[in-house]
Amino acid sequence: MEIKLIKSKNSKISNVDYDNLGFCKYYTDHMFICDYIDGSWQNFIIQPFQDLSLSPACTTLHYGQTIFEGLKAYRNQEGEILIFRPDKNAERFNKSAERMCMPKIPEDIFIKSIEELLSVEKAWVPEGEKNSLYIRPISFALDPYIGIKPADNYKFMIICGMAGGYYSEPVNVKIETHYTRAVSGGVGFSKTAANYAAALYPAVEAQKEGYHQLIWTDGKSHEFVEESGTMNLFFVINNQLVTPPLGDTVLDGVTRDSIIHLSKLLNIDVDVRKVSVKEVISSLESGSMSEAFGAGTAATIAPIKSIGYNNKKYNLPEISEKSISNTLLNKLSNIKFGRELTELNWLKKISK
Ligand SMILES: *Cc1c(COP(=O)(O)O)cnc(C)c1O
């Protein structure tokens, strides 16, 4: 795989306000782009970050045949750059692609293109425990065609944006029992545009009521909690860490998988099982739920401070230093920054 490099003439990096990184407020100087034509991926290029030119009939704009990924790179104390579990994102990208009738990307091309882009953009991986470079691979249909069928031509691209701390404050979430994010047999497990477009209206309604996010329930009976926004859900009930199972309505988060794995290493009792709304409310009422948090690449672990249900707000206790979520967050950070050597093989170092 040959990647052509067209370097940008002027770097934008001097514009960065490091005290105020936000989330993808600053895109890096370059992007990776390639084409799927005649049944194969080709024309691999790293070029200056720039706008695209598309036909107004481009099928993605009309019918949404598009998928994405999200992962992060960190700078360790030695100044080296480490990418966290890109193989998991490659795998999930291809699951999303299959469901959306899109061409898969060989995992080695997916990972190599990230590595090559990052080796050009090294300077953009910020220092600091809370900071990282967010990597956003995306693929979309290109055919200028009005009509419903899988396209013949696609693009695969990678852009990167700097990321500071995400939600700094614990969040208020609302259990959604009217609107539905995903149904069995649908596309909920796929990181495809439709899931996010469909979630906007219910989320905006909840924001008007003062919530940050929704807790989605199953589309059939709204009896079981599934996930929250772009995060998987964890609860600590009777000192046991509990998370709903996967399936085709829940996105298979890399953070979720990492947390389950690390819990086992830390001897934290973890149970993957269905969690009913009833159980959430009764354990909040009785005080047996001591923690609740979302888990995803963007925020890592987002503590939940209150859960709304049926016009009632239930508060969670304040998070202590010794909480399970803090223990897991520290462990995860130690691994991501390469401070703790493990046999997990979760880090890919940019060597050049
Ligand atoms: C991306 C995403 C997650 C979290 O996945 P990570 O791999 O941990 O970032 C969870 N739920 C939804 C709906 C998502 O889009």
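Residues numbered from 1 in each chain as written. Predicted model: local features only at pLDDT ≥ 70, side-chain atom pairs only at ≥ 80, totals over all residues. Heavy atoms only, no water.

## Thoughts on helix α6 (residues 277-286)
And step 1. Of all the positions in α6, only V277, V280, I281, S283 and L284 are classed as buried.
And step 2. G287, located one to two residues past α6, shows a positive phi value of around 85°. (Buried < 20%, exposed > 50% of the residue type's maximum accessible area, 1.4 Å probe, protein only. Helix = DSSP H or I, 4+ residues; strand = E, 2+ residues; numbered from the N terminus.)

## Examining the site of the ligand
And step 1. Around the ligand, a shell composed of 15 residues is seen, among which K191, Y196, E227, T255 and T297 lie nearest.
And step 2. Between the ligand and K191, the relevant distance is 2.7 Å, taken from an oxygen atom to a side-chain nitrogen or oxygen of the residue.
And step 3. Within the backbone of V254, one N or O atom sits 2.8 Å away from an oxygen atom of the ligand.
And step 4. For the ligand, whose accessible area on its own is 380 Å², the fraction buried by protein is 97%.
And step 5. Among the elements of the structure, β13 (231-237) and α5 (254-265) are those that each provide at least two residues to the shell around the ligand. (Near = heavy atom within 4 Å. Polar contact = N/O pair within 3.5 Å; in protein donor to acceptor, adjacent residues only side chain to side chain. Areas by Shrake-Rupley, 256 points an atom, 1.4 Å probe, with all protein chains shown as cover.)

## Some words on the packing of helix α2 (residues 86-99) against helix α3 (residues 107-120)
And step 1. The N-to-C vectors of α2 and α3 enclose an angle of 130°; their axes lie 9 Å apart at closest approach. As far as their axial angle goes, α3 and α2 are oblique. As for the relative orientation of α2 and α3, their crossing is right-handed in sense. Residues P86, D87, N89, A90, E91, F93 and N94 of α2 pack against E107, F110 and I111 of α3.
And step 2. Residues of the contact of α2 with α3, tallied by class, amount to 5 nonpolar, 2 polar and 3 charged. (Axes fitted to C-alpha atoms, helices over the stretch in contact; angles between N-to-C directions. Parallel < 35°, antiparallel > 145°, perpendicular 65-115°, else oblique. Left-handed = near helix turned anticlockwise from the far one by under 90°. Contact = heavy atoms within 4.5 Å. Nonpolar A, V, L, I, M, F, W, Y, C, P; charged D, E, K, R; others polar.)

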